[in-house]
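Chains, contacts and geometry: an overview
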Amino acid sequence: MSRLDIHTVALLACLLFAGLACQRSAASPRTERAQVLGGRPISAEQLGRGRDAYTHYCRACHGDAGDGAGISARGLQPPPRDLRLGVYKFAAVSAGQLPNDADFHRIIKGGLHGTAMLAWDVPDAQLDDLIQYVKSFSPRWRAEIPGVQIVLSPDPWLDREQAAIERGKRVYHGLAQCAVACHPAYVTRAEIFAFTQELTRMRIEEFRANLYAPVPKPSDYGFGIVPTDFTFNPLRAGDSTAEIARTVAAGIGGTAMPTWKDVLPDIDLWAIAHYVRSLVLLRNTPESDALHQRLLTQPDWTPPPIPDAGPADAVDGARVPQ
Ligand code: HEC
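Conventions adopted
Residues numbered from 1 in each chain as written. Predicted model: local features only at pLDDT ≥ 70, side-chain atom pairs only at ≥ 80, totals over all residues. Near = placed C-beta within 6 Å. Nonpolar A, V, L, I, M, F, W, Y, C, P; charged D, E, K, R; others polar. Helix = DSSP H or I, 4+ residues; strand = E, 2+ residues; numbered from the N terminus. Buried ≥ 20, exposed ≤ 12 C-beta atoms within 10 Å, placed from the backbone. Core = buried A, V, L, I, M, F, W, Y, C linked by C-beta atoms within 7 Å. Domains from an automatic or database assignment. Contact = placed C-beta atoms within 7 Å. pLDDT = per-residue confidence, 0-100. Expected span 1.5 Å × (residues − 1).

So, about the site of the ligand. If you check the shell around the ligand, you find 25 residues, and the closest are Tyr 57, Cys 58, Cys 61, Lys 89 and Met 117. When its residues are assigned to classes, the shell around the ligand shows 19 nonpolar, 3 polar and 3 charged.

If you want it as structure tokens, here you go:
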């Protein structure tokens, strides 16, 4: 190869590299620009530091572009979140609103149980940079601010565990109707009928097939999501009573699980949390097997006859479904 040729090759190589460099910076200009994210001005330097932390801890799964398609993402179930969506499941805000930094903090440091999103040991000094960088993947953060944090009353059932569980069982099956179309039921049909009539005066006349299994629901994440069976699946956002109460109150963003705060009074949200906690504690015990066995082999059930009622009651006592 002549000298000239070598120079030409070198020049071409330079041009090629320059082109690649151009492409690369075009693919991630967000990291180099100061931005207002969630109403807070974030400097280019901070985003640069955040990108370093992200590259170290998160990129393998969530990908360079935050699209959830990193090299380790293949085959993961659930898949790593596409952070460009700006949709989050476990923030303590009304489902669908943007999280507060405290939510990111909790989720990054605590992980999501039963998923590849482990508890990441990000040093505190890097955490804020990382959180702001994660936001920069989604345009939502440039247009919206975080939701108001949902705060519940202190647990009103302390020292009354059994009463809380009994109330929670009734609210779960009879008032919130958690098993009608989503989660499994954990009591007999006769009990659901009785709880519903007691709490709403309505008569449940029919039950769905597979009442004791969850019903898959569509989600905003591009795939269906199966609601939790509390005696079986790990609870992603934590299974202490307080964590369950928070998740139930806030709902789960991007899924069928709605916000229950202000739909039910706090005392009933806490009661549900105690009840769900009691189901979690059944996991892998003979009692859990016995419960499922009893439910699956329960005798046929038909609704009890409507008691003789005056005309006023007849109008009042709705039947579900007709
Ligand atoms: C080993 C793979 C993996 C790594 C590494 C990883 N994640 Fe995740 N991440 C996941 C998976 C899987 C989910 C989805 C969990 C779900 O949908 O329940 C997730 C979900 C999330 C969510 C959504 C939380 C919500 O409430 O919806 C955020 C935010 C997140 N990760 C941030 C991070 C950050 C920041 C890092 C780096 C510190 C990181 N992840 C590292 C796998 C990973």
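Residue Gln 77 is joined to Pro 78 through a cis peptide bond whose omega torsion reads 0°. Looking at the element boundaries, Pro 78 is found in the loop between α3 (59-62) and α4 (101-110). The phi torsion at Asn 210 lies on the positive side, around 55°, for a residue other than glycine. Topologically, Asn 210 is positioned in the loop between β3 (203-204) and α9 (241-250). Among the residues examined, Asn 210 registers 10 C-beta atoms within 10 Å and is labelled exposed. Here Asn 284, not a glycine, exhibits a phi torsion of approximately 60°, which is positive. Within the secondary structure, Asn 284 is located in the loop between α10 (266-282) and α11 (286-296).

Moving on, we get to the nonpolar core. Counting 56 residues, the largest nonpolar core has Val 134, Val 248, Leu 269, Ile 272 and Ala 273 as the members making the most contacts within it. For this core, the secondary-structure elements that each account for two or more residues are α2 (44-57), α4, α5 (124-135), α7 (161-175), α8 (189-200), α9 and α10. In terms of residue count, α10 provides more of this core than any other element does, 8 residues in total. Three or more residues apiece are contributed to this core by two domains, here domain 1 (29-143) and domain 2 (161-320). The residues contacting Val 248, other than those within four sequence positions of it, are Trp 260, Leu 269, Ile 272 and Ala 273.

Another aspect to go through is the confidence of the model for the chain. Here the chain averages 89 in pLDDT, while 86% of its residues score no lower than 70. Note that residues 1-30 has pLDDT below 50 and, in this model, 2 contacts with residues that lie over four places away or in other chains.

A few words now on the environment of Leu 264. Relative to the elements of secondary structure, Leu 264 occurs in the loop between α9 and α10. Taking the number of C-beta atoms within 10 Å as the measure of exposure, Leu 264 has 17 and is therefore partly exposed. Put simply, Leu 264 and Ala 249 are 15 residues apart on the chain and 8.7 Å apart in space, counted from C-alpha to C-alpha. Contact partners of Leu 264, with chain neighbours within four places excluded, come to Val 171, Ala 176 and Leu 269.

Since the α-helix packs 3.6 residues into each turn, any two residues three or four apart lie on the same face. Between its terminal C-alpha atoms α10 stretches 25 Å, which fits the 24 Å expected from 17 residues at 1.5 Å a residue. For α10, the tally of buried residues reaches 12 of 17 residues, placing the bulk of the element in the interior.

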